[in-house]
Amino acid sequence: MAKGKLLIRALKGENLSVPPIWVMRQAGRYLPEYRATREKAGDFLSLCYNSDLAAEVTLQPIRRFGFDAAIVFADILLLPHALGSDLWFVTGEGPRLSTISDEADVEKLVGCDDIHEHLAPVYETIRIVCRELPAEIALIGFAGAPWTVATYMIAGRGTSNQEPAHRLMVENEGLFSRLIERLTDATIQYLAMQIEAGADCVKLFDSWAGSLGGDAFDKFVLKPCRDITTALKEQYPDIAVIGFPREAGERYVGFAKATGVDCVALDSDVNPVWAAQHVQIDGCVQGNLAPSHLVTGGEALVEHTRKIVNAFSKGAHIFNLGHGITPDGNPDYVHQMIETVRAEKPG
Ligand code: CP3
């Protein structure tokens, strides 16, 4: 029998008889123990920067569900915070940041070497989780991809169509490109430190990749992802990287080859039978159950879970959702999903 953590074996291309399972946003508001720990911390950001409590919420879903991987509890917006953006969260609304609109705003971001003091609590969370995590469970480090992080930094908040970032890209592409490059360099350093601290693999969340097409997708989704993956693998040849170009549609095809990632995470709009033919041929895939099934449960949950397991059974696959579990997700249905995946025997 091959040795090693199941998640890492799948990431390296092994077709396991039962796919390893984890869930995006598995530590979160749908869990009463998460809400209690957040309360203890005071608020979400204080929780992110409190290594003991962040480690605790990282481990909670592992204890409750027996997932095959933990993901360090943090947020993609901690990196802009470390670079000097103001950051706060408005309850019920989401993140707010100072905005970026001109040269001076980009110039005043701190140098990439100077982010680590601010981010030290994240590295410490990773070290604590590594000590406590059962040996067979993998720990995933992560960062936002430059384009997605830039959309929040430019607009100062989440936007439905990323219009402010699109506008800056068109009106001042030089400045926009410099911001993307700065984020690319900082992300490489941030992820390298997460690996040093003990992360077994890393994931790049490009949640708004789907709002770029054509040339812009090549320049601001593929290239930064390739640059980050290449730099990390130069330093850490064995490290596996997961890319998540959410809502990339047809651009999922060839994404792994174009960027060098070991695994492509698929959103819920993707048809798994199509993705098995067109994306999984290049390596491991992860996804793509709609998070709404963990709100409604029942037959539809079981049916869709089986469909995904079967569609991807001919190659390397990690079972996951197509996006984060929502606060109204039902922990009982998470159990039901896991039992369904582990009981399924693809024909
Ligand atoms: O369990 C895990 O997956 C690890 C932790 C994690 C969080 N955010 C914690 C979090 C991860 C991997 C993220 C990624 C993240 N953060 C993304 C990329 C993935 C995606 O969802 O598209 C993005 C875009 C963000 C930025 C962000 N953080 C937004 C827009 C919001 C507000 C919306 C919301 O869900 O509340 C957050 C807050 C956030 N990040 C919460 C959690 C658990 C909820 C905060 C709370 O407890 O109130």
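This one's a predicted model, so the numbers in the text were calculated from it and none came from an experiment. (Residues numbered from 1 in each chain as written. Predicted model: local features only at pLDDT ≥ 70, side-chain atom pairs only at ≥ 80, totals over all residues. Heavy atoms only, no water.)

## As for the overall build of the chain
Across its full length, the chain carries 16 helices and nine strands. A compact globule built from 347 residues should have a C-alpha radius of gyration of about 20 Å, and the chain, at 19 Å, falls within 12% of that. In the chain, once contacts between residues fewer than 6 apart in sequence are set aside, the share between residues at least 24 apart is 73%. When the accessible surface of the chain is summed, it comes to about 14,100 Å², and 50% of that surface belongs to carbon and sulfur atoms. Counting 32 positive and 45 negative side-chain charges, the chain places the averaged centre of each group 4 Å from the other. (Helix = DSSP H or I, 4+ residues; strand = E, 2+ residues; numbered from the N terminus. Rg over C-alpha atoms; globule rule 2.2 N^0.38 Å. Contact = heavy atoms within 4.5 Å. Areas by Shrake-Rupley, 256 points an atom, 1.4 Å probe, with all protein chains shown as cover. Lys, Arg positive; Asp, Glu negative; His and termini not counted. Charge placed at Lys NZ, Arg CZ, Asp CG, Glu CD.)

## Examining the site of the ligand
Within the structure, the ligand sits among 21 residues, and R25, Y34, R38, D75 and S207 are positioned closest to it. Separating an oxygen atom of the ligand from a side-chain N or O atom of R25 is a distance of 2.7 Å. For the ligand, whose free accessible area comes to 870 Å², the fraction covered by protein is 87%. Within the residue set of the shell around the ligand, elements represented by two or more residues are α2 (32–41) and β3 (94–97). Across the shell around the ligand, the residue classes tally to 13 nonpolar, four polar and four charged. (Near = heavy atom within 4 Å. Polar contact = N/O pair within 3.5 Å; in protein donor to acceptor, adjacent residues only side chain to side chain. Nonpolar A, V, L, I, M, F, W, Y, C, P; charged D, E, K, R; others polar.)

## Section: the side chain of T259
By secondary structure assignment, the location of T259 is in helix α12 (residues 255–259). Polar side-chain contacts of T259 include one of 3.3 Å to the backbone nitrogen of V261.

## Concerning helix α11 (residues 214–235)
Between the first and last C-alpha of α11 there are 31 Å, a value that for 22 residues agrees with the 32 Å anticipated at 1.5 Å per step. If you look at α11, its biggest bend is around 30°, right at L222, and the proline P224 turns up within four residues after that. Those residues of α11 not exposed but buried are A216, F217, F220, V221, L222, P224, C225, I228, T229 and L232. Packed against the buried residues of α11 are α8 (146–155), α9 (163–171), α10 (173–197), β5 (201–206), β6 (240–245) and α12. (Expected span 1.5 Å × (residues − 1). Bend = angle between axes of the 7 residues up to and from the residue. Buried < 20%, exposed > 50% of the residue type's maximum accessible area, 1.4 Å probe, protein only.)

## Here's the deal with unusual backbone geometry
In the segment running from G287 into N288, the intervening peptide bond is cis, with an omega of -10°. A positive phi angle, close to 60°, is found at E247, a residue other than glycine. Relative to the helices and strands, E247 is located in the loop between β6 and α12.

## Remarks on the sheet that holds β5
The strand order across the open sheet built from seven strands is β1-β4-β5-β6-β7-β8-β9, with neighbouring strands paired in parallel fashion. With partners counted over all chains shown, the strands left at the sheet margins are β1 (69–71) and β9 (317–321), one partner each. Neighbour to neighbour, the strand axes of the sheet diverge by 25° on average, direction disregarded. Judged from the three bridges that link them, β1 and strand β4 (residues 138–144) form a sheet pairing that is parallel. Counterpart to A69 in the pairing with β4 is A138. (Pairing = 2+ DSSP bridges. Axes fitted to C-alpha atoms, helices over the stretch in contact; angles between N-to-C directions.)

## A short note on the packing of aromatic side chains
Tallying each qualifying case throughout the model produces 10 aromatic pairs. Taken together, a centroid distance of 5.5 Å and an interplanar angle of 85° make the contact between F142 and F205 edge-to-face. Taken together, the positions of F142 in strand β4 and F205 in strand β5 put the pair 63 residues apart, joining distant regions of the chain. Taken individually, F142 and F205 each receive the classification buried, so the pair is uniform in this respect. Put simply, the rings of Y34, F44, F73 and F89 pair up and form one aromatic cluster. It is R246 that lies over the ring of W208; its NZ or CZ is 5.1 Å from the centre. (Phe/Tyr/Trp six-rings, centres within 6.5 Å; stacked < 30°, edge-to-face > 60°. Lys NZ or Arg CZ within 6 Å of the ring centre and 35° of its normal.)

## Considering the side chain of H81
By the element assignment, H81 lies in helix α5 (residues 78–83). With sequence-adjacent residues up to four places away left out, H81 is seen in contact with L45, Y49, D86, L87 and H118.

## Things to note about the pattern of salt bridges
Under the criterion given, the structure shown has 18 salt bridges. Of the charged contacts, one joins R9 and E14 as a salt bridge, the two residues approaching to 2.7 Å between their closest N and O atoms. Residue class for E14 comes out partly exposed when judged on its relative accessible area of 29%. A salt bridge links E173 to K219; the nearest nitrogen and oxygen atoms lie 2.8 Å apart. Within this pair, whereas E173 is found in helix α10, its partner K219 is found in helix α11, the two being separated by 46 residues in sequence. We classify K219 as partly exposed; its relative accessible area is 35%. (Salt bridge = Lys/Arg side-chain N within 4 Å of Asp/Glu carboxyl O.)

## Some points on the environment of V122
By the secondary structure assignment, V122 is in helix α7 (residues 116–132). Accessibility expressed as a relative area gives 0% for V122, which makes it buried. When residues no more than four places from it in sequence are discounted, the contact partners of V122 are V72, A74, L78 and Y190.

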